[in-house]
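Take a look at the letters that make up each chain.
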Amino acid sequence: MFTGIVEELGEIVRTTETGGDSALVAVRGPLVTSDARHGDSIAVNGVCLTVVDVDGGIFTADVMGETLRRTALGALRPGDPVNLERAAALNSRLGGHLVQGHVDGVGEVLSREPAAQWETVRFRLPAGLSRYVVEKGSITVDGISLTVAEVGDDWFSVGLIPTTLKLTTLGAKGVGDPVNLEVDVLAKYVERLLGDRAAGGVR
């Protein structure tokens, strides 16, 4: 479990195909590897990956074909920056919102509108996700916990403060670039429970 508060802007070192459609990804992140061990979870652009090895500030993780197909990780190349966050500790503050690291779909940057103290960025929403996104609700974009400013049938927008623009990948994303999206898991649970109740499955 994560909080969507990016700890470090890391870098893809290399991607090695390991047979079939899977790959071994090496990521540079001195901060997140400072206490990392085999089996730990680190979110890379919002995707929960399991650490296989750590060596000199670089960790490696296996990425299965399912992950490559359902996220934007497959488009990353050596040198690309990535948002990194270690799994949340039970005694830490929840600065963002509950983030699983399970990407629901890949969106796309539609527009950017700079302002004096912030920037408004609009993203395309994949079909089927808009019902989980509400104005002033939470959404995770490339592992960053953000508050939804506006939402439409197939898009949503957020306001990015200077810190977010400087310390995460969103500062350099251009129109057309893909982003990993994870909607608020609470919305999915509520939908499932209400659906079961309507069908007579919950008493």
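See the structure above.
I will try to describe carefully the structure that is included in this document.

**Focus: the overall build of the protein chain**
In step 1: A tally of regular secondary structure across the protein chain gives 3 helices and 12 strands.
In step 2: Taking 17 Å as the expected radius of gyration for a compact globule of 203 residues, we find that the protein chain reaches 17 Å, a close match to that expectation.
In step 3: Overall size of the protein chain, expressed as C-alpha extent along the three principal axes, is 50 × 50 × 40 Å.
In step 4: Here the protein chain holds 203 residues, and 40% of them are scored as buried.
In step 5: Of the contacts formed within the protein chain by residues at least 6 apart in sequence, a portion of 69% connects residues at least 24 apart.
In step 6: Split by element, the accessible area of the protein chain, about 10800 Å² in all, is 52% carbon and sulfur.
In step 7: For the protein chain, the distance from the average position of its 19 positive side-chain charges to the average position of its 27 negative side-chain charges is 4 Å.

**A closer look at the sheet that holds strand β12 (residues 178-183)**
In step 1: Taken in spatial order, the 6 strands of this closed barrel run β7-β8-β11-β10-β9-β12, and their pairing is antiparallel. With direction set aside, neighbouring strand axes in the sheet form an average angle of 45°.
In step 2: Pairing of strand β7 (residues 105-114) with β12, which is carried by 4 bridges, proceeds in the antiparallel orientation. Counted as the bridge partner of Gly 105 is Leu 181 from β12.

**Regarding the side chain of Glu 85**
In step 1: Looking at the secondary structure, you find Glu 85 in strand β6 (residues 81-86).
In step 2: Despite its burial, Glu 85 pairs with no opposite charge, the nearest such side chain being Arg 86 at 8.5 Å.
In step 3: Here the side chain of Glu 85 touches Thr 3 through a polar contact of 2.8 Å, landing on its backbone nitrogen.
In step 4: Glu 85 has contacts with Phe 2, Thr 3, Gly 4, Ile 5, Glu 7, Val 32, Ile 42, Ala 43 and Gly 143, leaving out every residue within four places of it along the chain.

**Focus on the packing of aromatic side chains**
In step 1: Tallying each qualifying case throughout the model produces 1 aromatic pair.
In step 2: Just above the ring of Trp 155 sits the side chain of Arg 122; from NZ or CZ to the centre is 3.7 Å.

**Examining the pattern of salt bridges**
In step 1: All told, the structure shown has 12 salt bridges when counted by the stated rule.
In step 2: Where Glu 66 meets Arg 69, a salt bridge forms, and the shortest distance between an N and an O atom there is 3.5 Å. Placement of both Glu 66 and Arg 69 in helix α1 (residues 65-70) is noted, with a separation of 3 residues, approximately one turn of the helix.
In step 3: Note on Glu 66: relative accessible area 42%, which makes it partly exposed.
In step 4: The salt bridge involving Glu 135 is made with Lys 136; its shortest N-O contact spans 3.6 Å.
In step 5: By relative accessible area, which is 58% here, Lys 136 ends up exposed.
In step 6: One salt-bridge network, held together by shared partners, links Asp 21, Glu 66, Arg 69 and Arg 70.

Rules of the game
- Residues numbered from 1 in each chain as written.
- Predicted model: local features only at pLDDT ≥ 70, side-chain atom pairs only at ≥ 80, totals over all residues.
- Heavy atoms only, no water.
- Helix = DSSP H or I, 4+ residues; strand = E, 2+ residues; numbered from the N terminus.
- Rg over C-alpha atoms; globule rule 2.2 N^0.38 Å.
- Buried < 20%, exposed > 50% of the residue type's maximum accessible area, 1.4 Å probe, protein only.
- Contact = heavy atoms within 4.5 Å.
- Areas by Shrake-Rupley, 256 points an atom, 1.4 Å probe, with all protein chains shown as cover.
- Lys, Arg positive; Asp, Glu negative; His and termini not counted.
- Charge placed at Lys NZ, Arg CZ, Asp CG, Glu CD.
- Pairing = 2+ DSSP bridges.
- Axes fitted to C-alpha atoms, helices over the stretch in contact; angles between N-to-C directions.
- Salt bridge = Lys/Arg side-chain N within 4 Å of Asp/Glu carboxyl O.
- Polar contact = N/O pair within 3.5 Å; in protein donor to acceptor, adjacent residues only side chain to side chain.
- Phe/Tyr/Trp six-rings, centres within 6.5 Å; stacked < 30°, edge-to-face > 60°.
- Lys NZ or Arg CZ within 6 Å of the ring centre and 35° of its normal.

That's the geometry; what it means functionally is another story.
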